[in-house]
Amino acid sequence: MSTPHATATTAGKPRILTGDTPTSTGLHLGHYVGSLENRLQLQQQYDCFFLIANVHAFTTLAEKPADIRANTMGIVKDWLAVGLDPDASTFVLQSEIPAIAELTFFFAMLLPFNKVMRNPTLKTEIDTKGLGDSYPFGFPMYAVGQCADILAFRPELVPVGEDQEAHIEMCRDVAGKFNQLYCGVNNRVPLDEHAKPGTAGASGLFPVPKAKIGRVARLAGLDGVNKMSKSLGNAIFLYDDDKAVQKKINKITVLPDEATKLVPQSHVLLQYCDAFLPAARAKEIRAMYAAGGEVMHGHIKAELGAAINTLLTPMRARRADMEARPDKGDGLVLDILRRGAARANTIAEETLYRAKQAMQIDIAPRRIGM
Ligand code: TRP
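Predicted model, so just to flag it, every value in this text is computed and none were measured.

A.B. asks: So what's going on with a negative patch on the surface? Which residues, and what values?
C.D. replies: Judged by side-chain charge, Glu162, Asp163, Glu165 and Glu169 come together as a negatively charged surface patch. Relative to the helices and strands, glutamate 165 resides in helix H8 (residues 165-182). A residue is classified by how much of its surface remains accessible, and glutamate 165, at 40% relative accessible area, is partly exposed.

Dropping the structure here:
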């Protein structure tokens, strides 16, 4: 076992954990700029754990296990296509990490029920998914489970979209409370120092992790109004081909505002320029629109479409290579998930054991199968 408060791995890199729930397929540019790009940039500097929250998918799809299974395989293929590297990072299949389930139960004791039920991310999901009051007990429970997903790996950072911030806040609460209740951290130690090596009183088991929001917190859809989303039909998918991408971009209407006679700086075309063109070029285009002269929208759309296609080409190629295998890449995915679970369990089991020690329930540790 490593030193009690180490947050770094043997590789000496600080840890990151983040994940996706396999409730649907079809990644789009919103996913890319909101989180995948972040992961790509972080995967070399950090020891990354990327979790597929397949147990959480049962909160809304319990009657469709085959869909969850297919989406799980699909997400791993998407990650590979985007460029996440299973040799540099660890891919974690949630259902194979029993320590997560055990920690979930412990953490559920540290969170007031009413606080979980007021979690704004859960509330929004209940609204947008039309769950009414018929959702299962496990639905709000998943927010507690997410704390365990994260803390099982004792990461420093959790790169997520803006919509997940409330969950990370809850995770910080739980980590802090656990450290204070069971690890002797007193309440004058700032949260961010609960497990900081070399800091007096920082005897916490859990570093209190921070959220890291993507470069573009909310990418608008092609309609220019709503967030980009598959179900709203306003998305550019990572596997749209060159022509489809350009066609979608061309369809964006660019009209000047009636009062100012200018194309507003908040226009979705300009948002996309920020997101997908070099910063200096996006600034230049914004200035052109602000000056109100004649701007060739068509040229800008062509430039934007080309930039997006340059970004997507290698992803499509990697995905196509996988699909061309006789087993469509399934064997590769299973191998990655098996290797990932082995490594993930080593760490999560260590966390669980130390949590049990702190909680004084390491009374008669089990020896299964020995
Ligand atoms: N709830 C997240 C989502 O739907 C997925 C998720 C599950 C996650 N466990 C996590 C994200 C832990 C970050 C950390 O997007």
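A.B. asks: Run through the state of the cysteines, naming residues and quoting values.
C.D. replies: What the rule picks out here adds up to 0 disulfides. Here cysteine 48 is not cross-linked by a disulfide; its sulfur's nearest cysteine counterpart is in cysteine 171, at 16 Å. In this structure cysteine 48 comes out as buried when scored by relative accessible area, which is 0%. In this structure cysteine 183 is not part of a disulfide, and its nearest cysteine sulfur, from cysteine 171, lies 14 Å away.

A.B. asks: Describe unusual backbone geometry, with residues and values.
C.D. replies: In the Ramachandran plot, lysine 261 falls in the positive-phi region, its phi being about 65° despite a non-glycine side chain. Position of lysine 261 relative to the elements: it lies in the loop between helix H9 (242-250) and helix H10 (268-276). A positive phi angle is found at glutamine 360, which is not glycine, with a value near 60°. Within the secondary structure layout, glutamine 360 lies in the segment after helix H13 (330-358). Since its relative accessible area comes to 64%, glutamine 360 is described here as exposed.

A.B. asks: Before we move on, could you go through the packing of helix H4 (residues 98-108) against H13 and cite the residues and values that matter?
C.D. replies: Where H4 contacts H13, the two axes come as close as 9 Å, and the packing angle between them is 30°. In terms of orientation, H4 lies roughly parallel with respect to H13. For H4 against H13, the interelement crossing comes out left-handed. Mapping the contact onto sequence places Pro98, Ala99, Glu102, Leu103 and Phe106 in H4 and Asn345, Ala348, Glu349, Thr351, Leu352, Ala355 and Lys356 in H13. Within the contact of H4 with H13, the residues separate by chemical class into 7 nonpolar, 2 polar and 3 charged.

A.B. asks: Please provide a residue-by-residue account of the site of the ligand, values included.
C.D. replies: Surveying the vicinity of the ligand reveals 14 residues, the closest of which are Gly19, Thr21, Gln146, Asp149 and Gln164. Contact between the ligand and glutamine 146: a nitrogen atom at 2.9 Å from a side-chain N or O atom of the residue. The separation between a nitrogen atom of the ligand and a polar side-chain atom of aspartate 149 is 2.7 Å. Relative to its unbound accessible surface of 360 Å², the ligand loses 88% to contact with the protein. When contributions to the shell around the ligand are tallied by element, the ones reaching two or more residues are strand E1 (15-20), helix H7 (138-151) and strand E4 (157-160). If one sorts the elements of the shell around the ligand by residue count, H7 sits on top with 4 residues. Tallied by class, the residues present in the shell around the ligand amount to 7 nonpolar, 6 polar and 1 charged.

Rules behind the numbers
- Residues numbered from 1 in each chain as written.
- Predicted model: local features only at pLDDT ≥ 70, side-chain atom pairs only at ≥ 80, totals over all residues.
- Heavy atoms only, no water.
- Patch = residues over 30% accessible without salt bridge, like charges linked within 9 Å, V, L, I, M, F, W, Y side chains within 5 Å.
- Areas by Shrake-Rupley, 256 points an atom, 1.4 Å probe, with all protein chains shown as cover.
- Salt bridge = Lys/Arg side-chain N within 4 Å of Asp/Glu carboxyl O.
- Lys, Arg positive; Asp, Glu negative; His and termini not counted.
- Charge placed at Lys NZ, Arg CZ, Asp CG, Glu CD.
- Helix = DSSP H or I, 4+ residues; strand = E, 2+ residues; numbered from the N terminus.
- Buried < 20%, exposed > 50% of the residue type's maximum accessible area, 1.4 Å probe, protein only.
- Disulfide = S-S within 2.5 Å.
- Axes fitted to C-alpha atoms, helices over the stretch in contact; angles between N-to-C directions.
- Parallel < 35°, antiparallel > 145°, perpendicular 65-115°, else oblique.
- Left-handed = near helix turned anticlockwise from the far one by under 90°.
- Contact = heavy atoms within 4.5 Å.
- Nonpolar A, V, L, I, M, F, W, Y, C, P; charged D, E, K, R; others polar.
- Near = heavy atom within 4 Å.
- Polar contact = N/O pair within 3.5 Å; in protein donor to acceptor, adjacent residues only side chain to side chain.

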